[in-house]
Structure formats: C-alpha cells, structure tokens
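These are the residues of each chain, in order.
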Amino acid sequence: MGTPQEKRFHGRTRAGIGDVAALAGVAQGTVSNVLNHPDRVSPATRDKVERAMAMLNYVPNQIARSLAVGVSSSVGLVLSDLSNSLFIDIARGAETAVAASGGSLLLANTNSELEREQRCLQMFAQSRITGVMITLNDASHYAAIAKVAPHTTPVVMLNYRADTNHFCSVSVDNELGGYLAARHLIGIGRRRLAFVGGPDELTPVHDRELGFWRAVKEADVAAEVLRPKSVNRADGWHIGVGLADRSPGDRPDAVFAASDLLAAGILQALASRAVKVPEDVAIVGYDNNQAAWDSPVPITTIAQPGEEMGRLGAEMVAEEVRAENGTAHHAHRAQVLQPQVVARESTTRSH
C-alpha cells in the first residue's frame, strides 16, 4: 500500500528534503550531504537516501544547493541586443559549451544601456553563479563595468578586447573586417566609396572605419563618410534617400555600411527611387544577420564568428574556475577572431 510519504506524492505536490529524510529515516542534514558532499556519507546511508529520493520522485532545488555549496553550475550571459543575430549566435555558442560541462546558461538583455549592464552583472554575481560573460560595444561602458565587476566571480568580456591585467576577452578584428569590405568593393571595380556608420564612439564602428580607410589609401580611390545617428534600418533609409537624390556622377558607386541593418535600409531606399543595386551602387554590410540574407537583393556582408565567440568565452570562464579550485593554471588572455567576406548579389551581379 505504500508509506504515508509515498501516498502524499502520488499527486502534484512536490517532495521536499524533509520528506526524503523522513522516508529514509535520517536527518535532513544527511540528505543535504548526500546531495552536496556525498563523500561525507557512508555508502549504506547514501543508498538509503537515494532510494527514498527515487520513490518520492524528489527533484533537488538547484538554488538551495547553490547556497549550500557556495556556487551554482550556472553561467550568466549579459547581452547587448537580442534583436541582433550576432548576440543570438554568441548565446548559442556559449550555451553549447556550458551544457557540455553539465551547467546551464542564464541570459539577460540590456539594450546596450549601461545601468542595466551594471545591474545584471551585480545580480548574477550575487546569485553565486559560476561566472559571467558580458558583451560590450564601447570604451566608456567597459571602463564603467570594470569598476563594478566582482572580484569573487570570473568575468569574461565578449565583443570587446579587454585589458588582460584584469579580464579574459573574446573579440573580432573589426579593423580587418572594414578592410576586407572595402577591398571587396575595390576588387569589383568600384572607385567612389562611402563608409556609413555611427556614432564613432562605438568601438566596433570606429575600428571598421579604420580598416575601410586603410584599404582606400592603399588603392588610392575616392571615399567619403556618412554619419547616421545609429546603425539601425531607419538610419540606413535616411542615408539611402540622400544618396538617391544625388546625381549619378556625384553619388558613390559603392557603400560599406557598418551593420547589416544599415545596409538593408540603404538598399530599400535606393530601390524605392529606381537606383539599382549593385549596378548603380554596390553595398556591403556587416554582421551576416537576417537583414542581409532576407533582403530582396541579398546583401554581401562581413561575417563575425559569433558562436565561436560564445564558446570560447564559456571555456575561459570554466578555465578560470578550475584555476581558482587549484586544478588548472590560468592567465588572462585576449582572443581575437577573424571575420570573413560573404559575397551575395548586392555586389556580385554584373556592373
């Protein structure tokens, strides 16, 4: 017929540690030791407790276990913008790596707001999780985050190259990305280039522009900069309208946009005013997100290895934790990944 404890949990009521202890005939502290420090319990007692757990379908409270042992198996990831598929890729790579080691990934989105970045970082640290990864876009945010980063929890910076005296980081060589974009446009015969990106305070945008100018100077072609307020589709639309209103001889024959959203907005504006892409204006974006591959004219772009960035970041967290436990050596390092050109119809159709 079963014991009272067994009968009680035939419904949906969740068994607690006290119920396991009562059924096994041991103290609650013994059950806690079986969960958190099994080496402290004799095999016979451990077997008795584990059988009670199985009979009651007992599921340990992971938060309570975290408090008992001082740390959880969860890793936090603070993302700048979940509407940007780069950060989705970062999360996917991080989750795969964390799950492979038996942990779980907790996500927070900040919309690139510094106050939210600081709050999320502190919240994760107070939760005693294994470590935190955070994506950043500019130096001012990095400086502010560095001041509040906890000393007791590993913190890894993503999408920003950090000072290795303090943090590990994984970033992408955006200067190279800008160079590759401009070289691609020059390579298909374009001689009047425009860089579209802003604000310049965003480190990735700044670095992409540096690479753009390096290629322009090497090839000795004409170039200009158009500075939108941000890197969204609406900003691209306004830039595109301005370009379409210019005479063909005054208009650039190639555009490198600092994001795929900008590139998509520019393309839409040009198409609405009968300016052909790529025949009249070739366009290259940056990120390789949905805005590029779903565009009416698929957009050539610079792909960033987001999944690899997330995976490496999670591995750095794990390595730092092992070092703190005395099972591995760890030195902070800055891993810089390489972007690559993904050619599509916005540059590859005949001129």
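All residue numbers refer to position in the chain's written sequence, counted from 1. Confidence filtering applies because this is a predicted model: local features only for residues at pLDDT of at least 70, side-chain atom pairs given and counted only at 80 or more, and all residues used for totals across whole chains, interfaces and linings. In computing side-chain properties, one takes all heavy atoms of the structure into account and sets aside hydrogens as well as water.

### Considering the overall build of the protein chain
Reasoning step 1: Along the backbone of the protein chain there are 15 helices and 12 strands.
Reasoning step 2: For the radius of gyration, the atoms used are the C-alpha atoms, and the globule rule reads 2.2 Å times the number of residues raised to 0.38. Taken against the 2.2 N^0.38 rule, which gives 20 Å for 351 residues, the C-alpha radius of gyration of the protein chain at 27 Å runs more than 25% over that of a compact globule.
Reasoning step 3: Considered along the principal axes of its C-alpha atoms, the protein chain spans approximately 90 × 45 × 30 Å.
Reasoning step 4: When accessible area is computed with a 1.4 Å probe and restricted to protein chains, residues below 20% of their type maximum are described as buried, those above 50% as exposed, and intermediate ones as partly exposed. Among the 351 residues that make up the protein chain, the fraction classed as buried is 49%.
Reasoning step 5: Only carbon and sulfur atoms are counted for the fraction: they give 49% of the accessible area of the protein chain, which is about 16,400 Å².
Reasoning step 6: Counting 34 positive and 38 negative side-chain charges, the protein chain places the averaged centre of each group 5 Å from the other. Only DSSP runs of H or I reaching four residues or more are called helices, and only runs of E reaching two or more are called strands; each is numbered from the N terminus. Here, Shrake-Rupley sampling with a 1.4 Å probe gives the accessible areas, and only protein chains in the shown set may cover a residue. Asp and Glu are treated as the negative residues and Lys and Arg as the positive ones, with His and the ends of the chain left uncounted. By convention, the charge on Lys lies at NZ, on Arg at CZ, on Asp at CG and on Glu at CD.

### Quick look at the nonpolar core
Reasoning step 1: Counting 67 residues, the largest nonpolar core has Leu-77, Met-133, Leu-193, Ile-266, Leu-270 and Ile-283 as the members making the most contacts within it.
Reasoning step 2: The contact definition used throughout considers only heavy atoms, calling two residues in contact when any of these lie within 4.5 Å. Those residues in contact with Met-133 that sit more than four places away from it in its chain are Val-75, Gly-76, Leu-77, Val-78, Ala-94, Leu-105, Val-156, Leu-158, Gly-310, Gly-313, Ala-314 and Val-317.
Reasoning step 3: Among the nonpolar cores identified, the runner-up in size contains 17 residues, and Ile-129, Val-132, Tyr-142 and Met-157 belong to it. In this text, buried Ala, Val, Leu, Ile, Met, Phe, Trp, Tyr and Cys residues form a nonpolar core when linked through side-chain atoms within 4.5 Å.

### Observations regarding the sheet that holds strand S6 (residues 192–196)
Reasoning step 1: One open sheet accounts for 6 strands, arranged S7-S6-S8-S9-S10-S12; its pairing is mixed. Each edge of the open sheet carries a strand with a single partner, namely strand S7 (222–226) and strand S12 (340–342). The mean inter-strand angle of the sheet, taken between neighbouring strand axes irrespective of direction, is 20°.
Reasoning step 2: Each of S6, strand S8 (254–257), strand S9 (282–287) and strand S10 (300–303) is contacted by helix H12 (residues 260–272), which is oriented at about 155° to S9, the strand it contacts most. At least two bridges found by DSSP between two strands are what make those strands a pair. Geometry is summarised by axes, namely lines fitted to C-alpha atoms with helices restricted to the contacting stretch, and by angles between N-to-C directions that run from 0 to 180 degrees.

### Things to note about the packing of aromatic side chains
Reasoning step 1: Stacked, tilted and edge-to-face are the three classes assigned to paired rings of Phe, Tyr and Trp, where Trp is represented by its six-membered ring and a pair needs centres within 6.5 Å; plane angles under 30 degrees give stacked, over 60 edge-to-face, the rest tilted. Taken as a whole and judged by the stated rule, the model has 7 aromatic pairs.
Reasoning step 2: Ring centres of Tyr-142 and Tyr-160 lie 5.0 Å apart, and the angle between their planes is 25°; on these two criteria the pair is classed as stacked. Of this pair, Tyr-142 sits in helix H8 (residues 139–148) while Tyr-160 is found in the loop between strand S4 (155–158) and strand S5 (168–172), placing the two residues 18 residues apart along the sequence.
Reasoning step 3: The exposure class assigned to Tyr-160 is buried, which follows from its relative accessible area of 12%.
Reasoning step 4: Lying across the ring of Tyr-286, Arg-208 places its NZ or CZ 3.7 Å from the centre.
Reasoning step 5: The side chain of Arg-214 reaches across the aromatic face of Tyr-179, ending 3.8 Å from its centre. A ring is scored as having a charge over it whenever the NZ atom of a lysine or the CZ atom of an arginine sits within 6 Å of its centre and within 35 degrees of its normal.

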